[in-house]
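This is what each chain is made of:
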Amino acid sequence: MRTKHTSHPLPSFPVYSSAFVSSTDFVLGGGGGQSKTGIKNKLRLYHTENDKTLELVSELELAAGEDAPMSIAAHPSRDEIVCGINSSQEALKSGENQNCRVYEVKDSKISLSTTRSTLVLNDSDDDYQRVTTFSPDGRYLAIAGTHDLSVLEYPTLVPAARPIHVDKGEIFDATFSSKTLVVATTVNMLVYALPSDEDSDSSEERKEGQPAALELLRTIDRPDLPGKDAGSSFRAARFHPHDEKVLYTVMNTVPPRTRTKSSPRRAFICKWDTDTWKVTKVRQVSDRQVTCFDISPDGKWLAFGSSDLTVGVVDAQFLAPQFNILKAHDFPPTTLRFNPTSDKLISGSADNTVRIVTIPSDAASGSSWSTWLLFIVALLVALFAYMAHRMSTGGL
């Protein structure tokens, strides 16, 4: 697949998070964080028609001392986004961290709607809301720091279940199906059942502040991967948007103990069957660790950003590479997002740039190369078998 892509400079705006709010409009979160660099923390609304155009529509500057927006998710049907933003150090000292923030994105403006505290930090903690994701119907919101994850009802932000605490490993991602929540940690995947309608209707416990715990259905260990790496960790997880029997994960590996400076820290994409929880396909996508990942809303494409500065796309059916953009940024990509119509991809980085990638309208033909290759191989096998049969019977 050949594609057009353009890098756009954003002076004094390191980018850490992103979300499309329409097919042509997206929000970027970034800034200098809580360090006194003089770089303001902001949410910015941009408009783009194609990879070459980028228009700043609106921006919202955060209060002094607050952190940069480190994660963003757009609601599937409401004109709202949810961001992970730590409060100022002064607020943290008093135990007030309004880390979960809801913003309305409407009439070309970004405005704060409500906030909620789920991460209690002190001024020495380095935790932040690294995971923000909605269920497909927008009914639930999962937000997580390094070791603690909360499932909230939306838009009330009332806890839908007791918080999940992870003692072993770190939380890196979470993804919803219609009935389950999968939490990806560095050491395993935890599969939880979502509350049933009966559980949701029973509000007495919640009024007393005691929601029920989510049922842990199973724990999925790290899969075996090709090669002789010392180990691996889950970096990302996504359900297929139209087939809940399919889940994709990113696995970052650890080189063997005999590694040299040039030893690769390989990254793989794994395709899972969620009926059996077995890996059905594996593809190495980089010799360096993957830093961000996304799946297109039409379910055709998987995008990844790597610490070797590459942004790449593979097809979701065969995991066949479609294109790689080498040196897409000067620093590793921090965020990747497809737009709702799956014809644009943006990547952001702390290097003060955003890259806009156009996914060609005939891109579906790219995935057919794998199909054609299989067809040609099968045809050649049949031809050789026919010739061998003719030779053995004296027909040739």
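Scroll up to find the structure.
Residues numbered from 1 in each chain as written. Predicted model: local features only at pLDDT ≥ 70, side-chain atom pairs only at ≥ 80, totals over all residues. Heavy atoms only, no water.

Peer 1: How should the sheet that holds strand E28 (residues 353-358) be read in this particular structure?
Peer 2: Through backbone hydrogen bonds, the strands of a sheet pair up, either in parallel or in antiparallel fashion. With antiparallel pairing, 4 strands are arranged side by side in an open sheet as E1-E28-E27-E26. At either end of the open sheet lies a strand with only one pairing partner, and these are strand E1 (4-9) and strand E26 (333-338). Adjacent strand axes in the sheet meet at a mean angle of 15 degrees when their direction is disregarded. Note: strand E27 (residues 344-349) against E28, 6 bridges, orientation antiparallel. Each bridged residue has a counterpart across the sheet, and for leucine 345 the counterpart in E28 is valine 357. (Pairing = 2+ DSSP bridges. Helix = DSSP H or I, 4+ residues; strand = E, 2+ residues; numbered from the N terminus. Axes fitted to C-alpha atoms, helices over the stretch in contact; angles between N-to-C directions.)

Peer 1: I tried to follow the side chain of asparagine 99 on my own but got confused; where do I start?
Peer 2: When you line up the elements, asparagine 99 lands in the loop between helix H1 (89-93) and strand E8 (100-106). Here threonine 118 takes part through its side chain, which lies 2.8 Å from a polar atom of the side chain of asparagine 99. Here leucine 119 takes part through its backbone nitrogen, which lies 3.1 Å from a polar atom of the side chain of asparagine 99. (Polar contact = N/O pair within 3.5 Å; in protein donor to acceptor, adjacent residues only side chain to side chain.)

Peer 1: How should I be thinking about the state of the cysteines in this particular structure?
Peer 2: Each disulfide consists of one covalent bond between the sulfur atoms belonging to two cysteines. Under the criterion given, the structure shown has 0 disulfides. Cysteine 100 forms no disulfide, and the closest cysteine sulfur to it belongs to cysteine 83, at a distance of 9.0 Å. According to the relative accessible area criterion, cysteine 100 is buried, its value standing at 0%. (Disulfide = S-S within 2.5 Å. Buried < 20%, exposed > 50% of the residue type's maximum accessible area, 1.4 Å probe, protein only.)

Peer 1: How should the pattern of salt bridges be read in this particular structure?
Peer 2: If you walk through the whole model with that rule in mind, you get 10 salt bridges. With a shortest N-O distance of 2.9 Å, glutamate 66 and arginine 101 are connected by a salt bridge. Of the two residues, glutamate 66 is situated in the loop between strand E5 (55-61) and strand E6 (71-74) and arginine 101 in strand E8; the sequence distance between them amounts to 35 residues. By the burial criterion, glutamate 66 is buried, and arginine 101 matches it. The shortest N-O distance in the salt bridge between arginine 266 and aspartate 229 comes to 2.5 Å. Placement of arginine 266 in the loop between strand E19 (243-254) and strand E20 (267-273) and of aspartate 229 in the loop between strand E17 (215-221) and strand E18 (231-240) is noted, with a sequence separation of 37 residues between them. Judged by relative accessible area, arginine 266 falls into the buried class, the value being 14%. Linked by salt bridges that have partners in common, Lys42, Arg44 and Glu59 make up one network. (Salt bridge = Lys/Arg side-chain N within 4 Å of Asp/Glu carboxyl O.)

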